[in-house]
Number of protein chains: 2
Amino acid sequence: MNKIHIIGLGLLGGSFGLGARRKFPELKVTGQDISSDNLRDAQTLGIITEAKEQADEDTDIVILATPADSLGDLLVQTLDQIGPETLVIDLGSTKSKLCQKVTNHPKRKQYLAGHPIAGTEYSGPKAAFADLLDRKVMILCEMEKTDLHLKEKAYQLFEALNLKLRFMDPEEHDRHLAFVSHLSHVSSFMLGKTVMQKMADDKNIFDMAGSGFASTVRLAKSSPAMWAPILTENKDNILAALDGYISNLQDIRGKIAEGDSDSLYQDMAEINKIRDILDLGK
Amino acid sequence: MNKIHIIGLGLLGGSFGLGARRKFPELKVTGQDISSDNLRDAQTLGIITEAKEQADEDTDIVILATPADSLGDLLVQTLDQIGPETLVIDLGSTKSKLCQKVTNHPKRKQYLAGHPIAGTEYSGPKAAFADLLDRKVMILCEMEKTDLHLKEKAYQLFEALNLKLRFMDPEEHDRHLAFVSHLSHVSSFMLGKTVMQKMADDKNIFDMAGSGFASTVRLAKSSPAMWAPILTENKDNILAALDGYISNLQDIRGKIAEGDSDSLYQDMAEINKIRDILDLGK
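Quick caveat: nothing in here was measured; it's all calculated off a predicted structure. (Residues numbered from 1 in each chain as written. Chains lettered and ligands numbered in written order. Predicted model: local features only at pLDDT ≥ 70, side-chain atom pairs only at ≥ 80, totals over all residues. Heavy atoms only, no water.)

Undergrad: Just checking my understanding: could you explain the overall build of chain A for this structure?
TA: The secondary structure content of chain A amounts to 11 helices and eight strands. When the 282 residues of chain A are sorted by exposure, 59% land in the buried category. Long-range contacts, defined here as pairs at least 24 residues apart, represent 74% of the contacts in chain A between residues at least 6 apart. Of the roughly 11,500 Å² of accessible surface on chain A, a fraction of 48% belongs to carbon and sulfur atoms. (Helix = DSSP H or I, 4+ residues; strand = E, 2+ residues; numbered from the N terminus. Buried < 20%, exposed > 50% of the residue type's maximum accessible area, 1.4 Å probe, protein only. Contact = heavy atoms within 4.5 Å. Areas by Shrake-Rupley, 256 points an atom, 1.4 Å probe, with all protein chains shown as cover.)

What follows is the structure, encoded as structure tokens:
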């Protein structure tokens, strides 16, 4: 592997660049970003070795790391433009629409649909760091549609970054992620909103907030440019997750209103089992 | 200060004992717990120096650290029993009912209503540690009703534990805490429940959960013995917070269903201001 090109030099694209360069010191990493500030920062921070407006003909891998709603058109344009030995990987948080969009593209074999389960509540190239992807899960979809030879390049990069690979179909991915990622973001944003509305009356309310509040509201700091598109791109699955969540909240509301301590206790004890499940995932 | 007595030797009572003993090596710390396992662990771990079924006559401070629904009767019993130079402090997460209950007690001046904003998702004496209270906020209510001389003992203990004192009336406390603590726990428990229900269909869903999910669902590991009583004791305030939260969730549900990206973006950008507010609290 000699050359990769990254489109979108934010937290995720930037961390891919830093991680790859640390592992392959000779690697040329070209890149582009719609924001000239991000592009300049990416050069200053050593995320890329050179700014380029598109991938060179001899690029091994093009990484697409832009917001979810921009990836469809960008993927088609990039496939249209690249040379015959180049693989395109996207890192988007939703996969179904994207895979559908290029299903009949003449260069479909040069595309690999990926989603690394990695991020923080911060964004932009300054938030990027080389270890972000270390030991994280990388979900790959429709592997069978990607050229075998090109996939080997991808594996080489993923192994260098210490990613743990998982395989599933795009619909399954989007259904699962709505529950274990997208719903968490919606719940956290709305929790932040609810407390901020209350704060309009009581200025000092945050002074009393402990680590529990900070933990549940952390994701409310996340980037709207990334998250607004995810919510609309994965609409149906997120609505299903959200409806289940609202229904559970209304159920516990009823038990609190009735003062039904025993039932609240039983519910919480049952939900406590999430400890073992979360620990299993480690 | 020579002697304190702790009733309820879990995470909070245990950490008070460990913190106080570290600062005052000569201090006698007696204690009791309804669970014989907890009592034995508290002795083994050095939380208490001696098990006692009630506070000695010459005890300086009795600390009540049991679940919220048990504190009312326990407070009355303890006030009835203690000597004339003893102060009783409770550490409960709700304050209004408790303050009302003893408002006409002949020994009201020997009581101080407190709530340290400190805890973890773990419980019991084995979860206790001496630094839990270090630099945490301690809310005190109805200070004017406590004897001045006895308050000095409390200040000495709080200063030793490095607690930051805040003062407010019990109703204000309960109203605020519903938003910045109790609501977070309800939202986290219900998030855990929603995803566990989904998991009944898709076994491997947690494999895809990242740090964001872990953060929002952390409080779902919390103790039902502690939290079921809080939810019923502070019922009215929690219902108000929960209604605001459900209403916000229904509002964002509508925007997602409409695919209204612009409005979602604007909402999230506004909620992002919670960054500055949370940082201010540090």
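Undergrad: Please explain the side chain of Thr59 of chain B as it appears in this structure.
TA: All names here are of chain B. The residue Thr59 is located in the loop between β3 (50-51) and β4 (61-64) in this model. Using a relative accessible area of 1% as the deciding quantity, one classes Thr59 as buried. A polar atom in the side chain of Thr59 sits 2.8 Å from the backbone oxygen of Asp56. In contact with Thr59, not counting residues within four places along its chain, are Lys3, Ile4, His5, Glu85 and Thr86. (Polar contact = N/O pair within 3.5 Å; in protein donor to acceptor, adjacent residues only side chain to side chain.)

Undergrad: Please explain the sheet that holds strand β2 (residues 28-32) of chain A as it appears in this structure.
TA: Strand pairing within a sheet occurs via backbone hydrogen bonds; the two strands may be parallel or antiparallel. Residue and element names in this part refer to chain A. Read from one edge to the other, the open sheet built from eight strands follows the order β3-β2-β1-β4-β5-β6-β7-β8, with strand pairing classed as mixed. The two strands at the open ends of the sheet, each matched to only one other strand, are β3 (50-51) and β8 (164-167). In terms of strand pairing, strand β1 (residues 3-7) meets β2 through five bridges, oriented parallel. By the bridge assignment for β2, Ile6 is matched with Gly31. Packing of helix α1 (residues 11-23) onto the sheet brings it into contact with β1, β2, β4 (61-64), β6 (111-116) and β7 (137-141), and relative to β1 it is tilted by some 165°. (Pairing = 2+ DSSP bridges. Axes fitted to C-alpha atoms, helices over the stretch in contact; angles between N-to-C directions.)

Undergrad: Explain the relation of the copies chain A and chain B here, please?
TA: For the pair of chain copies, the relating operation is a rotation around an axis with a shift along it. Take chain A, turn it by 180°, move it 0.0 Å along the axis, and it overlays chain B with an RMSD of 0.0 Å. In the structure described here, the two chain copies are related by an operation that fits a two-fold rotation axis. If distances are taken from each C-alpha of chain A to the rotation axis, the shortest is found for Thr216 of chain A, at 2.2 Å. Taken as a fraction of all interface residues of chain A, those also at the interface in chain B reach 100%, which identifies the copy contact as same-surface. (Least-squares fit on C-alpha atoms with pLDDT ≥ 70 in both.)

Undergrad: Got a minute to help me understand the pairing of strand β8 (residues 164-167) of chain B in this structure?
TA: Side-chain direction in a regular strand flips from residue to residue, so the side chains alternate between the two faces of the sheet. Residue and element names in this part refer to chain B. With four bridges joining them, strand β7 (residues 137-141) and β8 adopt parallel strand pairing. Residue Val137 lies in a different strand from β8, and its bridge partner there is Lys164. The β-α-β motif built from β7, the intervening helix α5 (residues 148-160) and the parallel element β8 has right-handed crossover chirality. (Right-handed = clockwise from strand over helix to strand, strands pointing away.)

Undergrad: Honestly, the interface of chain A and chain B in this entry has me stumped. Any pointers?
TA: Where interface size is quoted, it is often the accessible area lost as the parts come together. Counting residues at the interface gives 85 residues for chain A and 85 residues for chain B. Buried area between chain A and chain B, both sides added, is near 8,400 Å², and the carbon and sulfur share of it is 70%. Looking at the side of chain A facing chain B, the largest losses of area belong to Val180, Met208 and Ile256 of chain A, adding up to 9% of the total buried there. The tally of links from chain A across to chain B stands at six salt bridges. Counting only elements with at least two residues in the side of chain A that touches chain B, the list comes to β7, α6 (170-199), α7 (211-217), α8 (224-233), α9 (235-258), α10 (261-271) and α11 (274-280) of chain A. Residue contributions to the side of chain A that touches chain B peak at 21 residues, all from α6 of chain A. The residue inventory of the side of chain A that touches chain B, partitioned by class, reads 46 nonpolar, 21 polar and 18 charged. (Buried area = accessible area lost by both parts, 1.4 Å probe. Salt bridge = Lys/Arg side-chain N within 4 Å of Asp/Glu carboxyl O. Nonpolar A, V, L, I, M, F, W, Y, C, P; charged D, E, K, R; others polar.)

Undergrad: Mind showing me how you'd approach α1 of chain A here?
TA: Residue and element names in this part refer to chain A. Taking 1.5 Å of rise per residue, 13 residues should cover 18 Å, and α1 covers 18 Å from first to last C-alpha, within 8% of that figure. Extensive coverage of α1 is indicated by the burial of 10 of its 13 residues. Regarding α1, the residues found buried are Leu11, Leu12, Gly13, Gly14, Ser15, Phe16, Gly17, Leu18, Gly19 and Ala20. (Expected span 1.5 Å × (residues − 1).)

Undergrad: Help me understand the environment of Thr146 of chain A in this model?
TA: Residues and elements named next belong to chain A. Its location among the elements puts Thr146 in the loop between β7 and α5 (148-160). A relative accessible area of 4% places Thr146 in the buried class. Considering only alpha carbons, one finds Thr146 and Leu163, 17 residues apart in sequence, at a separation of 19 Å. Residues within four places of Thr146 in sequence aside, it is in contact with Leu87, Arg108, Lys109, Tyr111, Leu112 and Lys151. For Thr146, the side chain forms a polar contact with the main-chain oxygen of Tyr111, separated by 2.7 Å.

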